[in-house]
Amino acid sequence: MPAAPASAEPALEADLTSILATNLVAYQALASEYRVTSRQRLKHAAEWLAVVFQRNTRSRRLQALDIGCADGSHAYLLAAHGYDVTGVDFSPRMIQIARWRLQRFRLRKDHRPRFLTGEFHAGTFHDAAGRTELLGDRQFDLVVANAFVHLFPRPYDRAVVKKALDLVAFQGTALFSTTIEDSREEGYFVKYRSDGTGVDRWRGHYPKDEFLALIRDAAGEPFDLQDATSTDMRGRSWLTIAARRARVG
Ligand SMILES: C[S@@+](CC[C@H](N)C(=O)[O-])C[C@H]1O[C@@H](n2cnc3c(N)ncnc32)[C@H](O)[C@@H]1O
């Protein structure tokens, strides 16, 4: 069961701008925590990424986008599996850590992930030199939105799923994941750090069927869906939905 909301503010009346502002403050404050949990998250990622690693038999280098890439853990994992990776995150601290970690990996210059700062729903990003990039004209073989969609209130969750799917190339795959909950709730919840201190941030909770329905409705006819469950290091159950663009349309 999710923890009780830290604030009584009704989620349906929530204003996206203030939710994004609160979440940005929260993730800026949580950035160092992501460095601490990197190894455990990578262990879990090996499970939920297995579906795409097994399927990847193409000879050319595949393009991957990691939405809400945090400290870059998954971006580096994908780069190690041969993907040409772009990671985006609205937290400058997360992006700073992700870029800083480049020094620790021995990757050829053209195999290094690129990290862009920017809010995904707005869709404007900046590279390390401050140049603006829009991803709208790009197509990716793999789009990862791990623990991301649930950070948006309805109906923006659906809009964000659609935006992510629009970036998927023909025969490419998008991965969407969330924790599996008993009931649908959304609001401000405390996210705890490993030292027991907490930060308020907004998130939604979805029972399995509701998250599946959200992705299915947004994906429509062009996509084939496959779902899998896994357990993270804290014993929480996760649902990962792989949406593969199997048809033109
Ligand atoms: C729950 S964490 C998940 C991190 C990573 N995907 C993982 O699975 O470990 C969410 C990440 O998304 C970023 N984020 C949250 N809302 C965002 C938004 N609207 N646009 C871009 N990044 C966002 C946060 O800064 C944070 O790094």
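What you are looking at is a predicted structure, and each value in this text was computed from that prediction instead of being measured.

(A) Spotlight on the overall build of the chain. Along the backbone of the chain there are six helices and eleven strands. In summary, the chain has a C-alpha radius of gyration of 17 Å against a globular reference of 18 Å for 249 residues, a match within 12%. Each of the 249 residues in the chain was classed as buried or not, and the buried ones make up 37%. For the chain, long-range pairs separated by at least 24 residues make up 69% of all intrachain contacts whose partners lie at least 6 apart in sequence.

(B) Structural context of the environment of F176. Mapped onto the elements of the fold, F176 is located in strand β7 (residues 168–179). Each C-alpha atom of the pair F176 and H150 lies 9.7 Å from the other, and the pair is 26 residues apart in sequence. Once residues within four sequence positions are removed from consideration, F176 is found in contact with A145, V149, V161, I215, I241 and A243.

(C) Examining the site of the ligand more closely. Every one of the 17 residues lining the ligand counts as a neighbour, but Y27, G68, A70, F90 and N146 are closest to it. For the shell around the ligand, the leading source of residues is helix α1 (residues 16–48), giving four residues. Partitioning the shell around the ligand into residue classes produces nine nonpolar, five polar and three charged.

(D) Focus on the confidence of the model for the chain. Confidence along the chain averages 91 in pLDDT terms, with 93% of residues attaining 70 or more. Predicted confidence is poor over residues 1–13, with pLDDT under 50, and the contacts of this stretch with residues over four places away or in other chains come to 22 contacts.

(E) Expanded view of the packing of α1 against helix α4 (residues 92–100). At a minimum axis distance of 7 Å, the contact between α1 and α4 shows a crossing angle of 25°. The orientation of α1 relative to α4 falls into the category roughly parallel. Within the contact between the two elements, α1 uses Y27, Q28, A31, Y34 and R35 and α4 uses R93, M94 and I97. Looking at the contact of α1 with α4 residue by residue, the classes come out as five nonpolar, one polar and two charged.

(F) Quick look at the UniProt feature "domain: Methyltransferase type" (unreviewed entry) in the chain. Listed under "domain: Methyltransferase type" (unreviewed entry) in the UniProt record, and renumbered for this structure, are residues 65–171. In the segment residues 65–171, helix accounts for 26% and strand for 28%; the C-alpha atoms at its two ends are 15 Å apart.

(G) The arrangement of unusual backbone geometry in detail. With an omega dihedral of 0°, the bond running from R154 to P155 counts as a cis peptide bond. Inspection of the secondary structure assignment puts P155 in the loop between β6 (140–146) and α5 (156–166). Phi angles above zero are rare outside glycine, and A70 is one such case at about 55°. Within the fold, A70 resides in the loop between β1 (63–67) and α3 (73–80). Although it is not a glycine, A147 adopts a positive phi angle of roughly 55°.

(H) Here's a closer look at the packing of α5 against helix α6 (residues 208–219). Orientation of α5 relative to α6, taken along the N-to-C sense of each, is 50°, at an axis distance of 9 Å. Considering their axes alone, α5 and α6 lie oblique with respect to each other. Relative to α6, the crossing made by α5 is right-handed. The segment α5 lies against α6, with D157, R158, V161, K162 and L165 engaging L214, I215, D217, A218 and A219. A per-class count over the contact of α5 with α6 returns six nonpolar, no polar and four charged.

(I) Just the pairing of strand β10 (residues 223–231), in detail. Of the strand pairs in this sheet, β10 and strand β11 (residues 237–245) are connected by nine bridges, and their pairing is antiparallel. Residue pairing in the sheet places S230 in a bridge with W238 of β11. In this antiparallel pair of consecutive strands, β10 and β11, the connection spans five residues, and G235 shows a positive phi of 85°.

(J) Region of interest: α4. Listing the buried residues of α4 in full gives M94, I95, I97 and A98. Each buried residue of α4 sits inside an arc of 160° when the element is viewed along its axis, so together they form one side. Looking at the buried positions of α4, the neighbouring elements they touch are α1, α3, β2 (84–89) and β3 (114–117).

(K) Spatial organisation of the nonpolar core. Core analysis: the biggest nonpolar cluster contains 60 residues, and V143 and A145 have the highest contact counts within it. Top element by residues in this core is α1. It accounts for seven residues. Among all residues touching A145, those that are not within four sequence positions of it are I67, G68, A164, A174, L175 and F176.

The rules behind the values
Residues numbered from 1 in each chain as written. Predicted model: local features only at pLDDT ≥ 70, side-chain atom pairs only at ≥ 80, totals over all residues. Helix = DSSP H or I, 4+ residues; strand = E, 2+ residues; numbered from the N terminus. Rg over C-alpha atoms; globule rule 2.2 N^0.38 Å. Buried ≥ 20, exposed ≤ 12 C-beta atoms within 10 Å, placed from the backbone. Contact = placed C-beta atoms within 7 Å. Near = placed C-beta within 6 Å. Nonpolar A, V, L, I, M, F, W, Y, C, P; charged D, E, K, R; others polar. pLDDT = per-residue confidence, 0-100. Axes fitted to C-alpha atoms, helices over the stretch in contact; angles between N-to-C directions. Parallel < 35°, antiparallel > 145°, perpendicular 65-115°, else oblique. UniProt positions renumbered as here; feature names shortened; annotations may be inferred. Left-handed = near helix turned anticlockwise from the far one by under 90°. Pairing = 2+ DSSP bridges. Arc of directions from axis to C-beta. Core = buried A, V, L, I, M, F, W, Y, C linked by C-beta atoms within 7 Å.

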